[in-house]
Amino acid sequence: MRTLFAAFAFLMLSAFGLQPLYSGGASSGVAQGLASVDVPAIPGRDGWLVRNALRERLGAAGDVGGYRYRLDVRLDDALEALGVLDDDTISRELRILRSRYQLVDLATGEILLDATAGSDAGIDVVSSEYATIAAEQRALENLAQEVASRMVTRVALTLRERARASAQCRRNTPDLPAGPPARHPRTRSSSCRGPSKL
């Protein structure tokens, strides 16, 4: 059933002129670009969880022989009281995980992507403190996976658009005949002078 659904989704995307984000598998340009993104250490337990989730998703194509990009991530993890009983005890909490991240080109230092991502989860506060703490930790682990997934999707889209712009630039740059540079100056369109900041 899953195979049939995947085939149907692929046909629908093709019919509308679209392509799956990771078409081509680990050998695709997007997958190889993701595998060349370095993620420096992120402070805190939430940072450890998010970094591991990011590296798992980014490294799907395996080691490509060196990093070309760096993903800088800052996190904000918070617990908020949602339900308060008559005796001022909390009955429900909301765990919120937010990230601010930048994708940096290591060769030029240019920031290719500057964006935010976030998610939240409700937690029931029960009489057992141990059970509540365990629920808070499970919520954080799930949020780390969700936020990392959203970040990688944005990074993948950025790398795909960057690759398309580069390919368009090459197509728009004519092959000039041999001769003295003064007689045949090479010009480039404005779109080929380098990627713009997103």
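You'll find the structure just up there.
Residues numbered from 1 in each chain as written. Predicted model: local features only at pLDDT ≥ 70, side-chain atom pairs only at ≥ 80, totals over all residues. Heavy atoms only, no water.

Student: Summarise the pattern of salt bridges; cite the residues concerned and give the values.
Tutor: Once their charged atoms are close, side chains differing in charge can pair, the charge on each being opposite to the other. The full count for this structure, using the stated rule, is nine salt bridges. When the shortest N-O distance is used, the salt bridge between Asp-72 and Arg-70 registers 2.8 Å. Among the ionic pairs, Arg-95 bridges to Asp-77, the shortest N-O distance being 2.7 Å. With Arg-95 in strand 3 (residues 90-105) and Asp-77 in strand 2 (residues 69-84), the pair connects residues that are 18 residues apart, well separated along the chain. (Salt bridge = Lys/Arg side-chain N within 4 Å of Asp/Glu carboxyl O. Helix = DSSP H or I, 4+ residues; strand = E, 2+ residues; numbered from the N terminus.)

Student: Please provide a residue-by-residue account of the sheet that holds strand 3, values included.
Tutor: The sheet built from four strands is open, its strands ordered 1-2-3-4 with mixed pairing. In the strand order of this sheet, the two ends are held by strand 1 (37-38) and strand 4 (111-124), each with one partner. As judged from the two bridges shared by strand 1 and strand 2, these two strands associate in the parallel manner. Its bridge partner being in strand 2, Asp-38 is matched across the sheet by Arg-70. Sheet strands in contact with helix 3 (residues 44-58) are strand 1, strand 2 and strand 3, and its direction is about 130° off that of strand 2. (Pairing = 2+ DSSP bridges. Contact = heavy atoms within 4.5 Å. Axes fitted to C-alpha atoms, helices over the stretch in contact; angles between N-to-C directions.)

Student: Tell me about the side chain of Thr-132, and name the residues and values.
Tutor: Here Thr-132 is to be found in helix 4 (residues 129-172). Those residues in contact with Thr-132 that lie beyond four places of it in its chain are Glu-93, Asp-124, Val-125 and Val-126.

Student: Kindly report on the environment of Ile-111, identifying the contributing residues and their values.
Tutor: Along the chain, Ile-111 turns up in strand 4. Considered as a pair, Ile-111 and Arg-70 are 41 residues apart in the sequence and their alpha carbons are 9.5 Å apart.

Student: Residue-level account of the packing of helix 3 against helix 4, with values.
Tutor: Taken N-terminus to C-terminus, the directions of helix 3 and helix 4 make an angle of 45°; their axes are 8 Å apart at the nearest point. What the angle tells us is that helix 3 and helix 4 run oblique. In this structure, the crossing between helix 3 and helix 4 has a hand that is right-handed. On the side of helix 3, the interface is formed by Arg-45, Asp-46, Leu-49, Val-50, Ala-53, Leu-54, Arg-57 and Leu-58, while helix 4 contributes Gln-137, Leu-140, Glu-141, Ala-144, Gln-145, Ala-148, Ser-149, Met-151 and Val-152. Across the contact of helix 3 with helix 4, the residue classes break down as ten nonpolar, three polar and four charged. (Parallel < 35°, antiparallel > 145°, perpendicular 65-115°, else oblique. Left-handed = near helix turned anticlockwise from the far one by under 90°. Nonpolar A, V, L, I, M, F, W, Y, C, P; charged D, E, K, R; others polar.)

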